[in-house]
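Reading the structure
Here are the chains, one letter per residue:
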Amino acid sequence: MLKNSINQITVIGSGVMGSQIAMVSALAGLKVYLQDISEESLKKAEESLSGHMKKRIAKGKLSSKEVNEAFSRLHFVTSLEEAVKETDFVIEAIVEKVDAKRQLFSEVDRLAPSHTIIATNSSTIVSSKLADVTNRPDKVCNVHFFNPVLVMELVEVVKGPHTSEETANTAVELVKQIKKTPILLNKEISGFVANRILGKIIDEAIYLLENDIATVEEIDLACTKALNHPIGPFALLDLTGIDVNFNIRQILYEETGDESQKPQNIIVEKYTNGEYGRKTGKGFYSYNF
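Within any chain, residue numbers begin from 1 and follow the written order of that chain's sequence. Per-residue local features of the predicted model are confined to residues with pLDDT of at least 70, and side-chain atom pairs are confined, for both listing and counting, to 80 or more; whole-chain, interface and lining totals are unaffected and use all residues. Remark: hydrogens and water are excluded; side-chain values derive from all non-hydrogen atoms of the structure.

Here we take up the overall build of the protein. Under the scheme used here, helices are H or I runs from DSSP no shorter than 4 residues and strands are E runs no shorter than 2 residues, and both carry numbers assigned from the N terminus. Within the protein one finds eleven helices and eight strands. Since a compact globule built from 289 residues should have a radius of gyration of about 19 Å, the 19 Å found for the protein is in line with a globular shape. Taken along the three principal axes of its C-alpha coordinates, the protein extends 55 × 50 × 35 Å. Working definition: with a 1.4 Å probe on protein chains only, accessible area under 20% of the residue-type maximum means buried, over 50% means exposed, and in between means partly exposed. Taken across its 289 residues, the protein has 46% of its residues classed as buried. In this analysis, two residues are considered to be in contact whenever any of their non-hydrogen atoms come within 4.5 Å of each other. Sequence-distant contacts, at least 24 apart, represent 65% of the contacts inside the protein between residues at least 6 apart. All accessible-area figures derive from a Shrake-Rupley calculation using a 1.4 Å probe, and residue coverage is judged against the displayed protein chains alone. For the protein, the exposed surface amounts to about 14300 Å²; the carbon and sulfur share of it is 51%. In this count, Lys and Arg are taken as positive residues and Asp and Glu as negative ones, while His and the chain termini are left out. Where a charge lies is defined by one atom per residue type: Lys uses NZ, Arg uses CZ, Asp uses CG and Glu uses CD. For the protein, the distance from the average site of its 33 positive side-chain charges to the average site of its 39 negative ones is 5 Å. Each radius of gyration reported is based on C-alpha atoms, and the globular scaling rule is 2.2 Å times the count of residues to the power 0.38.

Multiply 1.5 Å by the residue count of a helix minus one, and that product is the helix's expected span. Relative to the 28 Å expected for 20 residues at 1.5 Å per residue, helix H2 (residues 39-58) spans 29 Å between its end C-alpha atoms, a close match to the ideal helical length. Close packing links the buried residues of H2 with helix H1 (16-27), strand E2 (31-35), helix H3 (64-73) and strand E3 (74-77). A 3.5 Å cut-off defines polar contacts: any pair of N or O atoms within that distance qualifies, except that in protein one atom must be a possible hydrogen donor and the other a possible acceptor, and neighbouring residues in sequence count only when both atoms are side-chain atoms. For H2, the N-terminal cap is serine 38; the gap from its side-chain oxygen to the backbone nitrogen of glutamate 40 is 3.4 Å.

Bringing the layout of surface pockets into the picture now. Looking at the second largest pocket, its volume works out to about 290 Å³. Taken together, 14 residues line the second largest pocket, and the ones lying closest to its centre are Val24, Leu27, Arg56, Ile178 and Lys179. Taken together, the elements giving at least two residues each to the lining of the second largest pocket come down to H1 and H3. The element that contributes the greatest number of residues to the lining of the second largest pocket is H3, accounting for three residues. A class-by-class count of the residues in the lining of the second largest pocket yields seven nonpolar, no polar and seven charged. In this analysis, the protein atoms alone were mapped onto a 1 Å grid. Cavities are point sets where a 1.4 Å probe fits without being able to get out; pockets are open sets with protein on both sides within 12 Å along at least five of seven lines; lining residues have an atom within 4 Å of a point. Grid points are joined across faces, edges and corners, and a volume is the space filled by probe spheres set on the points. Under the grouping applied here, Gly and all other residues not named as nonpolar or charged are polar, the nonpolar ones being Ala, Val, Leu, Ile, Met, Phe, Trp, Tyr, Cys and Pro and the charged ones Asp, Glu, Lys and Arg.

Right, dumping it as structure tokens:
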């Protein structure tokens, strides 16, 4: 497959990440299929994206014509076969569970054309844990977007030991095609680049909080006002989901057996109480919807 031959992509999983990956791809001129087994989830995704686009139109960032054309290229479907039967590139954005991803990769491998690249958006599950269930391990990689995808520019492309140079290069070109900025990791490492650095900041923020050195608000202010971060670590945890952080830490602990990788006490407490952040209305902060 030639570098610039990506005309159609499929995003599997219509949560916040998946739906916004689909939207930026459609805005860039690609034909896009957003697939989810839940009709309700797809409806919510379409409504959410419509809301985001209306705000951008109101601010003059996009025209109504551009948005209407993008939505005409974006197809919301429940059928996996329909979504991948003619696609050039698949981006999986489902739940962070290895078994679920392996089952999906196997199904996509069976249904998609032989040239199709299959990528995972995961930042914790490297593609070498998924590639062996396919008959195209050389066409499997990680393509990791950041939340919120509509705003964040960086995308990490990760080349596993099984990934061909052509696949990695094609993924990098796709990222550029959808007007994002790629970095290419030549080796797999859990957390990749940005999240490994961010993880250290979050760990230190939680240490400061749990040892009563400063409050949530004060620690966030230190990061935004002294370090010039756009958002503090606790506000970011609420945005991305405390449940996501809990699951990632749990996966890392199970993989390594390293006690320091276990979810911290305050994360466990909030996860147990269902305080996941913005999605539940309460995390480190409270939210009114």
